[in-house]
Structures are given as structure tokens and as C-alpha cells.
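# Tertiary structure, described
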Amino acid sequence: MTRFVNAALITIGIVFACPLLLMAQTQPSAAGSPRVKACSLVPKEEVKRYLPWESHFGHLPTEEEPIGTSGSSCGYPSVFVQILPFSQTLIDSASKKGGLETISGIGNEAYFYNNLNGYAELYVKVGKRLLTLQANVQGNIESVKPGVLRLAKVFVEKLN
């Protein structure tokens, strides 16, 4: 049952991310930057240290997909990561949802969002790129938030 719930939450996160993905595809590339492969930045085992998942999900491979001309996404069992060309439009769109919390100390700017559909979202500007993380809340956002923030720092280090 838990496996189904987690899979459903990830699917919901992806569905709600689609408008952002479509908007990102219409944005110019990050100053002609080559695509950064999201799955290659942080190994699955390291992601699990920050946002663990149940052992029966451990066999699932990470799934990377290109986004537009220079973006990519990576689906881990507990978090969906996107690296996109930065666009203020994406931040403004997220801001319109309301409830964005400004987070200091991660990237150039960062915003945390408690999505009531059961996942946490973090938007991080890293130079000319936007890093997003969408993690399963598992019923308690405050227990997941520290791991999301620490994992974002790991990704930011790799992107710098």
C-alpha cells in the first residue's frame, strides 16, 4: 500500500510539474549552455542519504529525461529533480501559487513550497539555471524539508 501511495505522489508531482516543464521548453537555453544531465550529478545512493525511501524501491532505476534544448530531469524513488535554464517567468509562476518561503544559503536564491497535494517543492536559482526538487512528504513536511534543503545544496555544489 505504501508503495502505491509513494508512486501516486511522485506521479502527482510530475503531473503538476508539467506546466513548468512546458514553459521551460519555450524559454531560451541558458546562454547556449550544454545540457546538464541531472542523474549524473548526484548518485542514487547519495540522494537516499538525504531523502530515504523504502528498501523495496531500491531496485528502481533513476529515470532521466531531456527537457527542451538544455534542461533535464531525474526521477529518484523519493524525489524528482529538474535542471532548467533559469527563467524569472518560472519563479513568478510558482510565486502566484502563494505560500512560497524564501530560503537563504542555497544557490543565488531559493524558494520552498508546501504543496498540499503531498509533496514539497524547492526552486533554486543557480547562476543561469533553475534547479527544482519535488519530494514526497510522507505525511509530515517538516520531517522532509531538512533533507530537501541539504540535497539541494549538494546539487548546487555540482552545478557551480
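Data block above holds the structure.
Not measured: the values here are computed from a predicted model.

This part takes up the pattern of salt bridges. Summed over the entire model, instances satisfying the criterion amount to two salt bridges. One salt bridge in this structure joins E121 and K97, with 3.1 Å as the shortest N-O distance. Here E121 is found in strand β6 (residues 119-126), whereas its partner K97 is found in the loop between α4 (88-96) and β4 (101-103), with 24 residues between them in sequence. On the basis of relative accessibility, which here comes to 2%, the residue E121 falls in the buried class. Take K97: its relative accessible area is 40%, and that puts it in the partly exposed class.

Let's shift gears to the state of the cysteines. All told, the structure shown has one disulfide when counted by the stated rule. Shown here is the disulfide that connects C39 with C74, its sulfur atoms set 1.9 Å apart. Taking the torsion about the S-S bond as the criterion, the C39 to C74 disulfide, at about 100 degrees, is right-handed. Note that C39 is positioned in helix α2 (residues 38-41) and C74 in strand β2 (residues 71-75), a separation of 35 residues in sequence. Neither residue differs from the other here; C39 and C74 are each classed as buried.

Another point: the environment of E64. Here E64 is to be found in strand β1 (residues 63-67). Taking the C-alpha atoms as reference points, E64 and F80, 16 residues apart in sequence, are found 9.8 Å from one another. Not counting residues within four places of it along the chain, the set of residues in contact with E64 comprises K37, A38, C39, S40, S72, S73 and C74. At 3.0 Å, the side chain of E64 forms a polar contact with the backbone nitrogen of A38. Polar side-chain contacts of E64 include one of 2.5 Å to the backbone nitrogen of C39.

Procedures and definitions
Residues numbered from 1 in each chain as written. Predicted model: local features only at pLDDT ≥ 70, side-chain atom pairs only at ≥ 80, totals over all residues. Heavy atoms only, no water. Salt bridge = Lys/Arg side-chain N within 4 Å of Asp/Glu carboxyl O. Helix = DSSP H or I, 4+ residues; strand = E, 2+ residues; numbered from the N terminus. Buried < 20%, exposed > 50% of the residue type's maximum accessible area, 1.4 Å probe, protein only. Disulfide = S-S within 2.5 Å. Contact = heavy atoms within 4.5 Å. Polar contact = N/O pair within 3.5 Å; in protein donor to acceptor, adjacent residues only side chain to side chain.

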